[in-house]
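# Secondary and tertiary structure notes
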Amino acid sequence: MTLSPALIKAVVLFPLNVMGIIPALVLWFSGKFEAYQFSTISIVSGGILVIVGLYIIWITVSLFTDYGKGTPAPYSPPKILVAIGIYRYVRNPMMMGVWCVLVGEANLFMSVGILIWFLVFFTGCIFLVPLWEEPDLERRFGEPYREYKRHVPRWIPRINPWSGYKDRLKL
């Protein structure tokens, strides 16, 4: 993955705020920073979710930058429809990765505030993706995206990867 200025800006604006700054502010305002004691269970369960979520995000951002020739940010979107790798199983793995990180942080810090932030963000995603993101992708990519959308679920991953583009792209 190439660290271009657009990619750095995309990471700072979205994931750092959603998964870092806002949860840190929630912890700070709730007093959790000063008096927090980690438990083994919260470290293991929360840590696993955070690591899995960050790994999913790394994979998806890499696919956007390396294959899609863009970033996850709306001001520099991929120029090529990304329907390979993890995107053959589910259409929104990046959001699922962010959700894992937020739930992991809520668990790690035993923070109701971060859990509430996750629920607000989750609800926003559930409404924003079909109302804004998907129509935008249909305008940008046309029939290939509509075909992809017919075969790959939005949130619940397929058991077997979709191979619709594999034959055409010789992947």
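Residues numbered from 1 in each chain as written. Predicted model: local features only at pLDDT ≥ 70, side-chain atom pairs only at ≥ 80, totals over all residues. Heavy atoms only, no water.

Enumeration over the complete set of coordinates arrives at 8 salt bridges. Residue K149 is joined to E138 by a salt bridge in which the shortest nitrogen-to-oxygen separation is 2.5 Å. Of this pair, K149 sits in helix α7 (residues 143–151) while E138 sits in helix α6 (residues 112–141), and the two are 11 residues apart along the sequence. A relative accessible area of 23% places E138 in the partly exposed class. Between R150 and E143 there is a salt bridge whose closest N-O contact spans 2.7 Å. Taken together, the shared-partner salt bridges connect R91, E134, E138, E143, R146, K149, R150 and R154 into one network. (Salt bridge = Lys/Arg side-chain N within 4 Å of Asp/Glu carboxyl O. Helix = DSSP H or I, 4+ residues; strand = E, 2+ residues; numbered from the N terminus. Buried < 20%, exposed > 50% of the residue type's maximum accessible area, 1.4 Å probe, protein only.)

Turning next to the nonpolar core. Most often, soluble globular proteins have nonpolar side chains that are buried together. Judged by nonpolar contacts, the single largest core of 29 residues is most densely connected at V18, Y87, V98, W99, L102, F121 and Y148. Of all elements in the fold, only α2 (15–30), α4 (40–67), α5 (93–108), α6 and α7 reach the threshold of two or more residues within this core. When near neighbours in sequence (up to four residues on either side) are disregarded, F121 contacts F14, V18, M95, V98, W99 and L102. L27, A106, L108 and F109 belong to the second largest nonpolar core, which has 5 residues in total. (Core = buried A, V, L, I, M, F, W, Y, C linked by side-chain atoms within 4.5 Å. Contact = heavy atoms within 4.5 Å.)

Over its 28 residues, α4 runs 39 Å from end to end, which matches the ideal 40 Å to within 8%, given 1.5 Å per residue. Backbone geometry just after α4 places K69 at a positive phi near 60°. (Expected span 1.5 Å × (residues − 1).)

Turning our attention to a nonpolar patch on the surface. Taken together, the side chains of L16, I21, L25, W28 and F29 make up a nonpolar region of the molecular surface, amounting to roughly 540 Å² of accessible area. The topology assignment puts I21 in helix α2. (Patch = residues over 30% accessible without salt bridge, like charges linked within 9 Å, V, L, I, M, F, W, Y side chains within 5 Å. Areas by Shrake-Rupley, 256 points an atom, 1.4 Å probe, with all protein chains shown as cover.)

Bringing the environment of K149 into the picture now. By relative accessible area, K149 is classed as partly exposed at 27%. In the structure, K149 is positioned 15 residues away from E134 in sequence and 8.9 Å away in space, judged by C-alpha atoms. The residues touching K149, leaving out its near neighbours within four places in the chain, are R91, E134 and E138.

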